[in-house]
Amino acid sequence: MNALALYGRYVVTSLRAQAQYPAATLMLTVGHCAATAIEILGVFALFDRFGPVGGWSFGEAALFYALANIMFSIADMLTRGFEVFGTDFVRTGAFDRVLLRPRAAALQLAGHEVRLSRLGRLLQALAVLMLASSLVPIVWDAAAVAIAVWAVAGGVALFVGILVLQATLAFWTVESLEVANVLTYGGVQAAQYPLNIYAAWFRRLLTFGVPLACVAYYPVLAILKRPDPLGAPDWLLPLAPIAGFAFLGLSFLAWRAGMARYASTGS
Amino acid sequence: MPSVRPYLAAFRARFQLMLQYRAAALAGFATQCWWGAIRIMVFAAFYGVHAAAAPISLADAVTYVWLGQALLALQPWVADPEIGQAVRTGGVGYDRLRPLDAYGFWYARTLGWMLARALPRAALMLLAAGIVLPLVGLGAWAWRPPSGMAAALLFVPAFALMTALGAAVLMLANIVVAASLNERGVNAVLTPLVVVFSGSLLPLDFFPDALRPFLHVQPFAGLVDIPFRIYFADLGGGAALQGLALQAGWTVVLVGLGRLAMERMMRRLEMQGG
C-alpha cells in the first residue's frame, strides 16, 4: 500500500470512529463553531464604533478573518498527532511503537486523528466569507477563486508547518509546550486584521519570520484587486502563498534533525 | 459554627499543587504577552482613526488589556478538570464521606486552582508590562498603576469579588459536569458566554450603545469590566460602589443557586468506577 492509500485508510478509520457517536460529534462541532465565532463579534464592534481603519472597511476585514480561519481550521483538523506529540507520544514512550512500524513517523502522526469537530471553525469562517462577499463588491471570477484556493493551500501548509515545529520541540522538551499557541491561535488572531494596521516590526515578523501575511494579507489584496498600501509590487501578491510551503519544508527539515536525536523516555 | 480550617486546607493543598507547574505558567505568560501585544496594536490602529468615538482613553484601554491578560486564569472559562475526573472515577465518593459542606469544600478547591494559576502569571505580567515596558521607553504601551488612591482602595474589594464571582460561576459549571459526567459540553457553552459578556473580548462599552443597559447589569460584567473600570477610575464614587454591589449581589445569587443545584445533584449522583 502506498503512503497516500495508507493515509486515506487512517482518515477513514478516524471518521468511522467519530461516526459511532454522531450526536457527540455534532455537538462538539457546534460548540467549536460558537467558541471561535465570537471573535468576529469583536471585529464587528470595533469597526461599528470607529469606522474604517487603514483604508479597510468591515467587509474587507471580514475577508481576512474568513481566510485566516479557513486555513487554520483545516490545518487544525489534520495535525492532532503533532499537537499532542509531546504529551501523548514522547512522554509516554508511545513514539517507540510508531518507530517500529515500517512507515514514516510523520505519516502515522498525520493520520493519528482527524477531528471533525474542528470543522466548526470552518463553518463560521464560511459564513463570514459569505457575509464579506455581500458587503464588499468582490468579483469571484476564476482568477479570484484560484488565488483564494492557492492562498488557503499555502496557509494550511504554513499552519501545519508550525504544528510540526511544535512537535519537533518535544524531542528536546518531552512535554508539548503551549508556547506554540502563540503562532497558531495567535497567528489566526494576527492574520484576521489587515497587515498595514500593525507596527513595522510586527509586519516584518509576519512577512519574513512566520509568513502569515504571505498567505492571508497579500493574496487578499490580489482578490480585491487593490495595490498594497505598503508598496509590495502587484505581481508578487498572488505568488506570496508559496512562502507557506517553504515554511512547511523547513519545518520538516527541523523534524528530521529532531528525529535523529530522539532518545526514548523508556517508559 | 463549623471550623473553616478544613476549607483552608483544601484551598492551600490545591494552590500549592498548581504552583508546581512552572513551565505551564511561563508558557501561559508568553502566550498572553503576545496576545496582549496584538490587542493593543489593534486598539492603537482604531484609536488612530477616530479616538473620539472610544468610551475610554487609549492609555486606559492598554491597561485594560494587560490587566485582562494578567488575570486571565481567574476567568471561569472551563470547569475545574478534577471534578469531572473525580465523578468519572468514583473519587467523588470520598467527598461525600467527608463531614464537610460539599459545596464549600469544592468551592475552596476551585478557588485554589484559579488563584494558583493566575497569581504567578499576574506577577510576571506586572514585571513585563508594568515595569520593563516603561524602562525601555515604551511607556505608552505600559500597564499603568491604579488612577489614584481611591481607585486603588476600591480595586481591592473589586478584585476579591471578581474572584469570588468567578468561582461561583465555575461551581455551577462543576455541578453540571458532575451531573453529566463530561466537561466538554459545559465548556463549549461557558467559554464563549464568559469571553463576550465579561468584557474579555472587548470592554463592554465598545459594543453598540443600545446594548449597554443589558450589558451593565448581567452577572458576567462583574468578572472583568466592572473591576477593571474601577481600577482606572472610569467607575468612581457612587458608580464604583454600585459596581461592587452588583458583583456582590450576583455572587450571592450564584452561590445560592449553586448550593441548591449541588444538593439536588448529590442526592441523585450515582457512583461510577470501583
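Residues numbered from 1 in each chain as written. Chains lettered and ligands numbered in written order. Predicted model: local features only at pLDDT ≥ 70, side-chain atom pairs only at ≥ 80, totals over all residues.

Draft legend 1. Spotlight on the overall build of chain A. Helix and strand counts for chain A come out as 14 helices and zero strands. Walking chain A from its N terminus toward its C terminus, one meets helices and strands in the order α-α-α-α-α-α-α-α-α-α-α-α-α-α. A globule of 267 residues ought to have a C-alpha radius of gyration of about 18 Å, and chain A, at 19 Å, matches this closely. When each of the 267 residues of chain A is scored for burial, the buried share is 45%. (Helix = DSSP H or I, 4+ residues; strand = E, 2+ residues; numbered from the N terminus. Rg over C-alpha atoms; globule rule 2.2 N^0.38 Å. Buried ≥ 20, exposed ≤ 12 C-beta atoms within 10 Å, placed from the backbone.)

Draft legend 2. Region of the structure containing the overall build of chain B. In terms of helices and strands, chain B carries eleven helices and zero strands. Along chain B, from the amino end to the carboxyl end, the secondary structure elements read α-α-α-α-α-α-α-α-α-α-α. Overall size of chain B, expressed as C-alpha extent along the three principal axes, is 60 × 40 × 35 Å. Counting only residues that meet the buried cut, chain B has 46% of its 274 residues in that class. Counted over contacts in chain B with a minimum sequence separation of 6, partners at least 24 positions apart contribute 81%. (Contact = placed C-beta atoms within 7 Å.)

Draft legend 3. Region of the structure containing helix α9 (residues 142-173) of chain A. For α9(A), spanning 32 residues, the distance from its first C-alpha to its last is 46 Å, which sits close to the expected 46 Å at 1.5 Å a residue. A positive phi of about 70° marks A:Val174, the residue just after α9(A). (Expected span 1.5 Å × (residues − 1).)

Draft legend 4. Inspection of the interface of chain B and chain A at higher detail. Facing the 28 residues of chain B at the interface are 30 residues of chain A. Elements represented by at least two residues in the side of chain B that touches chain A include exactly α2 (22-50) and α8 (184-197) of chain B. Broken down by element, the residue count for the side of chain B that touches chain A peaks at 15 residues, all from α2(B).

Draft legend 5. Fine view of the confidence of the model for chain B. All names here are of chain B. In this model, chain B carries an average pLDDT of 89, and 99% of its residues clear a pLDDT of 70 or more. Averaged over each element, pLDDT in chain B is lowest for helix α5 (residues 92-97) (80) and highest for helix α10 (residues 225-231) (96). The ipTM for the predicted assembly is 0.86, set against a pTM of 0.88. (pLDDT = per-residue confidence, 0-100.)

Draft legend 6. Spotlight on the environment of A:Val149. All names here are of chain A. Locating Val-149 in the fold gives a position in helix α9. By C-beta crowding, Val-149 is classed as exposed, having 12 other C-beta atoms within 10 Å. Along the backbone, Val-149 and Met-71 are 78 residues apart, and their C-alpha atoms lie at a distance of 9.9 Å.

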